[in-house]
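# Structural description and commentary
The chain contents come next:
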Amino acid sequence: MDEKNIQPGYSIAKPVKTQEQCNAYSDMAQAVNEHNFACKVGDMMWSIEDLADRYEVQESGVVPEPTPAEPTPQEDTEALLVDQEYRITLLELGV
């Protein structure tokens, strides 16, 4: 497989019937997967679009910044306890 030739715009005509065509599609899918696996935040991801007459590699969006994970119920409870203990300490100190 020559991955350097597989980039957005690369296509394989339909229908895919011969072993050579199947191998070319497999190579294309592998190149897309390897590209996407190597992407970092801000990089453009690829996909294979199933068009009427061909399969084509296309850009499919930018890798977004990761969103922070929602706190678990246990973490919420612990945060409330810490806050409550802090407030009690302030009251005890007369602050």
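Each chain carries its own residue numbering, running from 1 in the written order of its sequence. Per-residue local features are limited, in this predicted model, to residues with pLDDT of at least 70; the limit for side-chain atom pairs, both in listing and counting, is 80 or more; totals at the level of whole chains, interfaces and linings are taken over all residues. The side-chain values count all of the structure's non-hydrogen atoms but skip hydrogen atoms and water molecules.

So, on to the overall build of the chain. Helix and strand definitions here come from DSSP, where helices need a minimum of 4 consecutive H or I residues and strands a minimum of 2 consecutive E residues; each element is numbered from the N-terminal end. The helix and strand inventory of the chain stands at two helices and three strands. Helices (α) and strands (β) of the chain occur, in sequence order from the N terminus, as β-α-β-β-α. Taken over C-alpha atoms, the radius of gyration comes to 26 Å for the chain, far larger than the 12 Å a tight globule of 95 residues would show. The dimensions of the chain, computed from C-alpha atoms along their principal axes, are 80 × 25 × 20 Å. For the chain, with 95 residues in total, the buried portion stands at 13%. Across the chain, the fraction of contacts at a sequence separation of at least 24, relative to all contacts at a separation of at least 6, is 44%. With C-alpha atoms as the basis for the radius of gyration, the globule rule is written as 2.2 Å multiplied by the number of residues raised to the power 0.38. Exposed residues in this analysis have more than 50% of their type's maximum accessible area, buried residues have under 20%, and partly exposed residues fall in between, with area computed by a 1.4 Å probe over protein chains only. Here, two residues are considered to be in contact whenever any of their heavy atoms come within 4.5 Å of each other.

Here we come to the pairing of strand β3 (residues 54-62). At least two DSSP bridges between two strands are needed for those strands to be called paired. Taken together, the three bridges between strand β1 (residues 11-13) and β3 define a ladder with antiparallel strand orientation. Each residue of the ladder has a partner; that of I12, found in β3, is Y55. In the sheet, strand β2 (residues 44-50) pairs with β3 via seven bridges, with the strands oriented antiparallel. Counted as the bridge partner of I48 is V57 from β3.

Spatially, the three strands line up as an open sheet ordered β1-β3-β2, and their pairing is antiparallel. At either end of the open sheet lies a strand with only one pairing partner, and these are β1 and β2. The mean angle between the axes of side-by-side strands here comes to 30°, regardless of whether they run parallel or antiparallel. Sheet strands touched by helix α1 (residues 19-38): β1, β2 and β3. Its angle to β2, the strand with the most contacts, is close to 155°. All axes are obtained by fitting lines to C-alpha atoms, using only the stretch in contact for helices, and the reported angles, taken between N-to-C directions, cover 0 to 180 degrees.

Glancing now at the confidence of the model for the chain. Confidence scores here are pLDDT values: one per residue, from the predictor, ranging 0 to 100. When the pLDDT values of the chain are averaged, the result is 92; 96% of them are 70 or greater. Helix α2 (residues 73-93) is the least confidently modelled element of the chain, averaging 91 in pLDDT, while β2 averages 97, the highest of any element.

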